[in-house]
Amino acid sequence: MTETILNIRDLQKNFGGVVATRDFSLEIKKNQIFGLIGPNGAGKTTIFNIITGIYAPSGGSVEFLGEDLVGKMPYQIAQAGIARTFQNIRLFSNLSVLENVIIASHKDCNYSIFSAMSHLGSYQKNEKMARERAMQLLEIVGLQDNTDRIAGGLPYGHQRRLEIARALAIHPKLLLLDEPAAGMNAEESEELCGFVFDLHKKFDLTIFLIEHHMDVVVKLCDMITVLNFGETICKGTPQQVIADECVIEAYLGVEK
Ligand SMILES: Nc1ncnc2c1ncn2[C@@H]1O[C@H](COP(=O)(O)OP(=O)(O)OP(=O)(O)O)[C@@H](O)[C@H]1O
Ligand SMILES: [Mg+2]
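Keep in mind the model is a prediction, meaning the values are calculated, not measured.

## Digging into the pairing of strand β1 (residues 4–15)
For β1 and strand β2 (residues 18–29), the ladder comprises eight bridges, and the chain directions are antiparallel. Along β2, the bridge assignment pairs Phe15 with Val18. In textbook terms, the turn of a hairpin is the stretch between consecutive antiparallel strands, and for β1 and β2 this stretch comprises two residues, one of which, Gly16, has a positive phi near 60°. Where β1 meets strand β4 (residues 59–64), five bridges bridge the pair, whose relative direction is antiparallel.

Below, the structure written as structure tokens:
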């Protein structure tokens, strides 16, 4: 039987009187590309924020590879193997492309304060490894010719790729992508689909994807959950979801 990577049960999140997520459950199996869609304000990003430890849930459970994540800090969840990108790109915009990825990979570094201060021994070895690994990742995401550029000066699509390279630097088993195709035209989002699919294959990555571009979702995902006002209104394959009347009424039929 295929291994369960992420198991969410009866998740609830209230912000004062606003119920952002209500009784949300979902199971993601190893190697799936799982989509989460729904109108603005439906609660999609809130679910990512709970999985990654940014918000504590008001109720329910989140298990990653059988381990309970509730109460863990974001860095512990990253160490466990969950990486993410953000709806609004988060980079160190004044640092170089290479520096952005090296910083992200520092969870793997293992040296004492003394060797860091003296720039000797294990510090040098770790820094060399982090640099080599960062160069490899930048090559994989197609930014190998931009390593010295300032991240904030990159075109938007390249910033998205850099954010994904940073996420990959922690060797994730599960990658959460929050609207990676936002702001992209049809050609760019088509290119992004190929890129995400290649990463999924190359790194054996399970992917949980929030996206409004339905062409991207339908092309990439094997299963989709649809949220509306914090509640699941449909779950199924892309074909089932796009034919569902509730989904058409709540989401697909409405111009964004
Ligand atoms: N930190 C917060 N404090 C108060 N309310 C919040 C907070 N974060 C989210 N919300 C509310 O929770 C609801 C769900 O928001 P969320 O950002 O999860 O939606 P979303 O589905 O990601 O929307 P979008 O497609 O616009 O990104 C919204 O009503 C939002 O205003
Ligand atoms: Mg969102």
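## Observations concerning the sheet that holds strand β5 (residues 67–68)
Either a parallel or an antiparallel arrangement is found when strands of a sheet pair, and the pairing is made through backbone hydrogen bonds. Spatially, four strands are ordered β2-β1-β4-β5 in an open sheet, and the strand pairing comes out antiparallel. Every interior strand has two partners, whereas the edge strands, β2 and β5, have only one. This element, helix α1 (residues 44–51), spans β1, β2 and β4 of the sheet and lies at about 115° to β1.

## Notes on the coordination of the magnesium ion (ligand 2)
Looking at the magnesium ion (ligand 2), the protein donor atoms are Thr45 (OG1) and Gln87 (OE1), and they sit 2.0 to 2.2 Å from it. Of the two residues, Thr45 sits in helix α1 while Gln87 sits in the loop between β6 (82–84) and α3 (97–104), which places them 42 residues apart along the sequence. Using a relative accessible area of 22% as the deciding quantity, one classes Thr45 as partly exposed. For Gln87, a relative accessible area of 32% translates into the label partly exposed.

## A few points about the layout of surface pockets
One number sums up the size of the largest pocket: a volume of about 570 Å³. Taken together, 22 residues line the largest pocket, and the ones lying closest to its centre are Ala78, Arg84, Phe86, Arg166 and Ile170. If you list the elements that add at least two residues to the lining of the largest pocket, you get α2 (74–80), β6, α3 and α6 (156–168). Here the element with the most residues in the lining of the largest pocket is α2; it accounts for five residues. If you count residues domain by domain, the lining of the largest pocket takes at least three from each of domain 1 (30–56 + 67–81 + 172–256) and domain 2 (95–170).

## Some remarks on the packing of α6 against helix α7 (residues 186–202)
Where α6 contacts α7, the two axes come as close as 13 Å, and the packing angle between them is 10°. In terms of their interaxial angle, α6 and α7 are classed as roughly parallel. In this structure, α6 contributes Arg161, Ile164 and Leu168 to the contact, and α7 contributes Glu191, Phe195 and Leu199.

## Some words on the site of ligand 1
Gly41, Lys44, Thr45, Thr46 and Gln87 are the nearest of the 15 residues found near ligand 1. Residue Asn40 places a side-chain N or O atom 3.0 Å away from an oxygen atom belonging to ligand 1. Here an oxygen atom of ligand 1 sits 2.9 Å away from a polar atom, N or O, in the main chain of Gly43. Notes on ligand 1: free accessible area 640 Å², of which the protein chains cover 65%. Of the residues forming the shell around ligand 1, the biggest block, three residues, is contributed by α1. Of the residues in the shell around ligand 1, the class split is six nonpolar, seven polar and two charged.

## Structural notes on the pattern of salt bridges
Under the defined criterion, the tally for this structure stands at eight salt bridges. A salt bridge links Glu27 to Lys29, with the nearest nitrogen and oxygen atoms 3.3 Å apart. The partly exposed category is assigned to Lys29, whose relative accessible area is 23%. The partner of Glu191 in a salt bridge is Arg161, with the nearest N and O atoms 3.7 Å apart. With Glu191 in helix α7 and Arg161 in helix α6, the pair connects residues that are 30 residues apart, well separated along the chain. What emerges from the salt-bridge pattern is a single network uniting Arg9, Glu27 and Lys29.

The rules we used
In this convention, every chain numbers its residues from 1, walking through the sequence in written order. For naming, the first written chain is A and the first written ligand is 1, with later ones following in the order written. Side-chain atom pairs in this predicted model are given and counted only at pLDDT of 80 or more, local residue features only at pLDDT of at least 70, and totals for whole chains, interfaces and linings cover all residues. By convention in this description, side-chain values take in all heavy atoms of the structure and omit both hydrogens and water. Paired strands, in this sense, are two strands between which DSSP finds at least two bridges. Numbering of helices and strands runs from the N terminus, with a helix taken as a DSSP run of H or I at least four residues long and a strand as a DSSP run of E at least two residues long. We call two residues contacting when some pair of their heavy atoms lies within 4.5 Å. A fitted line through C-alpha atoms serves as each axis, taken over the contacting stretch for helices, and the angle formed by two N-to-C directions is quoted from 0 to 180°. Distances define the donors: N, O and S atoms within 2.8 Å of the metal qualify, as do those within 3.2 Å of Na, K or Ca. Water is excluded, so some sites may look unfinished. With a 1.4 Å probe rolled over the protein chains alone, any residue whose accessible area is under 20% of its type maximum counts as buried; one over 50% counts as exposed, and the rest are partly exposed. A cavity, in this analysis, means grid points on a 1 Å lattice covering only the protein atoms where a 1.4 Å probe fits yet has no way out; a pocket is instead an open set bounded by protein on both sides within 12 Å along at least five of seven lines, and a residue lines either one if it has an atom within 4 Å of a point. Grid points are joined across faces, edges and corners, and a volume is the space filled by probe spheres set on the points. Either an automatic procedure or a domain database provided the assignment from which the domain bounds are taken. Convention used here: angles under 35 degrees read as roughly parallel, angles over 145 as roughly antiparallel, angles from 65 to 115 as roughly perpendicular, and any remaining angle as oblique. Only heavy atoms are used to decide nearness, and a residue is near a molecule or strand if one of them lies within 4 Å of it. By the criterion applied in these results, polar contacts are pairs of N or O atoms within 3.5 Å in which, for protein atoms, one can donate a hydrogen and the other can accept it, and in which residues neighboring in sequence qualify only through two side-chain atoms. Under the convention used here, a 1.4 Å probe and the Shrake-Rupley method define accessible areas, while residue burial counts only the protein chains that appear. Put simply, Ala, Val, Leu, Ile, Met, Phe, Trp, Tyr, Cys and Pro go in the nonpolar bin, Asp, Glu, Lys and Arg in the charged bin, and everything else, Gly too, in the polar bin. For salt bridges, the criterion is a side-chain nitrogen of Lys or Arg within 4 Å of an Asp or Glu carboxyl oxygen.

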